[in-house]
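# Overview (structure and organization)
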Amino acid sequence: MKWMRFRIRTNEESEDIIISSMTDIGLEGAQIEDSAPLTAAEKEQMFIDSPELEPDELPDIPQGVAYLSFFVEIDDDNNLTIEEYNDEGELVKVKKTPEEMQASIREVLDDLASWSDIGDGTISVDVTEDIDWINNWKQYFHKFFVDDVLVIPSWEKVSPEEEQKAKMVLHIDPGTAFGTGMHETTQLCIRMLKKYMTDGAKVLDVGTGSGVLSILAMMFGAKDAVGTDLDKCTIPAVAENLEANGIDKDRFNLIIGNIIDDKKVQDEVGYEKYDIVVANILANVLVPLTPEVKQHLKKGGIYITSGIIDMKEEEVKKAHEDAGFEILEIHHQGDWVSITSRKN
């Protein structure tokens, strides 16, 4: 079996947003190469499985630069078969030529570059031999605790000991989407959501992904939640995870679009109506997002941000302060930071 590799040159800050955005055109899983190689534990946490490279293949990568490689199987006619979501949110198989696939990637990158610094954004294409890494990441996801919350995939069972320890169980199938709650940034958000949640609260989750934070917010006591995301893949992903956790679909409203600059999305989200806004997104998105968030929060509302690499802490903190938020807490886990503030 042969695979076509589409390799994107970007920067370290944009790795997550590009990987997430590429799922919309059927590219799932990525090999990451940068100047700070992932440890085995980090690979498990981020669900990224990398084929081993020979020493002469290892690139000399400048500080801050990153390469993301996406692999698609090639058939005998030199066509690529991918799975992507149609306008109705249904997963369908689509055949594309390498040129069409590259054009789709280019379109996604150009869209991201219109509102975020993604570095070079150049694409190279080559063919690699048989590798079966595309599904191997699934073996890394096992049940785990975030304090007293047990997160568990569909194929594992809760043991009697875990049932006794867990005050809450979140059922997430990582095959459906973007996040499972295992990454440090998500765990930081979970802890802040739990701390500041009040019964009957209204929650806005910007960058919903698989719905982990929205679902937990409702399990913690929120009346309902609204999520926004750029990616239509969130539609079936969130639906599956809501059902798996017994959450009524009417309690969650998903809006596809960019809340930063789309007035239609902003109006649909609504103004001064949320007790909590949570955003687990990269720092370069949080900075322009933060002043926009303020008009959607009630007075006294809580704004929880994460996805902040430690070197960007001061930049995001300043964005909170410049927007008039009062900083309440800053927490660190690994190389990641969460900043929680209040609208006074």
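Residues numbered from 1 in each chain as written. Predicted model: local features only at pLDDT ≥ 70, side-chain atom pairs only at ≥ 80, totals over all residues. Heavy atoms only, no water.

The mixed open sheet is built from 3 strands, whose spatial order is β7-β8-β9. On the outer flanks of this sheet lie β7 (144-146) and β9 (168-171), each paired with one strand and no other. Pairs of neighbouring strands in the sheet enclose a mean axial angle of 30 degrees, with direction left out of account. Across the sheet, helix α6 (residues 212-220) touches β8 (149-152) and β9, and the angle it forms with β9 is around 150 degrees. (Pairing = 2+ DSSP bridges. Helix = DSSP H or I, 4+ residues; strand = E, 2+ residues; numbered from the N terminus. Axes fitted to C-alpha atoms, helices over the stretch in contact; angles between N-to-C directions. Contact = heavy atoms within 4.5 Å.)

On to helix α3 (residues 98-113), then. Along its 16 residues, α3 runs 22 Å from first to last C-alpha, staying within 8% of the 22 Å computed at 1.5 Å per residue. Residues P98, M101, S104, I105, V108, L109 and L112 constitute the buried set of α3. Down the axis of α3, the smallest arc covering the buried residues is 130 degrees, so these residues share one side. What points out from α3, more than 90 degrees from its buried face, is the exposed set E99 and E107. (Expected span 1.5 Å × (residues − 1). Buried < 20%, exposed > 50% of the residue type's maximum accessible area, 1.4 Å probe, protein only. Arc of directions from axis to C-beta.)

The next thing to look at is the packing of helix α1 (residues 15-22) against α3. Packing of α1 against α3 leaves a shortest axis separation of 10 Å and a crossing angle of 135 degrees. What the angle tells us is that α1 and α3 run oblique. Two packed elements cross with a definite hand, and for α1 against α3 that hand is right-handed. In this structure, α1 contributes I17, I18, S21 and M22 to the contact, and α3 contributes I105, V108, L109 and L112. Among the residues making up the contact of α1 with α3, the classes are represented as 7 nonpolar, 1 polar and no charged. (Parallel < 35°, antiparallel > 145°, perpendicular 65-115°, else oblique. Left-handed = near helix turned anticlockwise from the far one by under 90°. Nonpolar A, V, L, I, M, F, W, Y, C, P; charged D, E, K, R; others polar.)

We now examine the pattern of salt bridges. Per the counting criterion, the structure on display carries 17 salt bridges. Here R106 and D110 are joined by a salt bridge, their closest N and O atoms 3.1 Å apart. Pair noted here: R106 and D110 are both in helix α3, with a separation of 4 residues, about one helical turn. A relative accessible area of 29% places R106 in the partly exposed class. (Salt bridge = Lys/Arg side-chain N within 4 Å of Asp/Glu carboxyl O.)

Another aspect to go through is the environment of S124. In this fold, S124 is placed in strand β6 (residues 122-128). Classification of S124 as partly exposed rests on a relative accessible area of 36%. For the pair S124 and R7, spaced 117 residues apart in sequence, the C-alpha separation works out to 5.1 Å. Setting aside residues no more than four positions away along its own chain, S124 makes contact with R5, F6 and R7.

Moving on, we come to the packing of helix α9 (residues 283-294) against helix α10 (residues 313-322). Contact geometry of α9 with α10 gives a least axis separation of 9 Å together with a crossing angle of 10 degrees. Accordingly, the angle class assigned to the pair α9 and α10 is roughly parallel. Facing A283, L286, V287 and T290 of α9, the residues of α10 in contact are E315, V316, A319 and H320. Of the residues contributing to the contact of α9 with α10, the split by class is 5 nonpolar, 2 polar and 1 charged.

Attention now goes to the packing of aromatic side chains. Taken as a whole and judged by the stated rule, the model has 1 aromatic pair. One residue, R7, lies across the ring of Y67, its end atom 3.9 Å from the ring centre. Across from the ring centre of F145, 4.1 Å away, lies the NZ or CZ of K165, which sits over that ring. (Phe/Tyr/Trp six-rings, centres within 6.5 Å; stacked < 30°, edge-to-face > 60°. Lys NZ or Arg CZ within 6 Å of the ring centre and 35° of its normal.)

Among the nonpolar cores identified, the biggest contains 50 residues, and I18, M22, F70, I105 and L289 are the most heavily contacted of them. Beyond its immediate stretch of four places on either side in the chain, F70 contacts M4, R5, F6, I8, I18, I19, M22, L27, G29 and A30. If you look at the next biggest cluster of nonpolar residues, it comprises 32 residues, including I190, A201, F252 and I276. (Core = buried A, V, L, I, M, F, W, Y, C linked by side-chain atoms within 4.5 Å.)

Glancing now at the sheet that holds strand β2 (residues 31-34). Ordered by their spatial adjacency, 4 strands build an open sheet running β2-β3-β1-β6, and the pairing between neighbours is antiparallel. Both edges of this open sheet fall to β2 and β6, since each of them pairs with a single strand only. Here the average twist between neighbouring strands, direction ignored, is 25 degrees. For strand β1 (residues 3-11) and strand β3 (residues 65-73), the ladder comprises 9 bridges, and the chain directions are antiparallel. For W3, the partnering residue across the bridge sits in β3 and is E73. On top of the sheet, α1 reaches β1, β2 and β3; it is set at about 20 degrees to β3, its chief contact. Across the sheet, α3 touches β1 and β6, and the angle it forms with β1 is around 20 degrees.

Interpretation note: all reported values are geometric properties and have no functional meaning in isolation.
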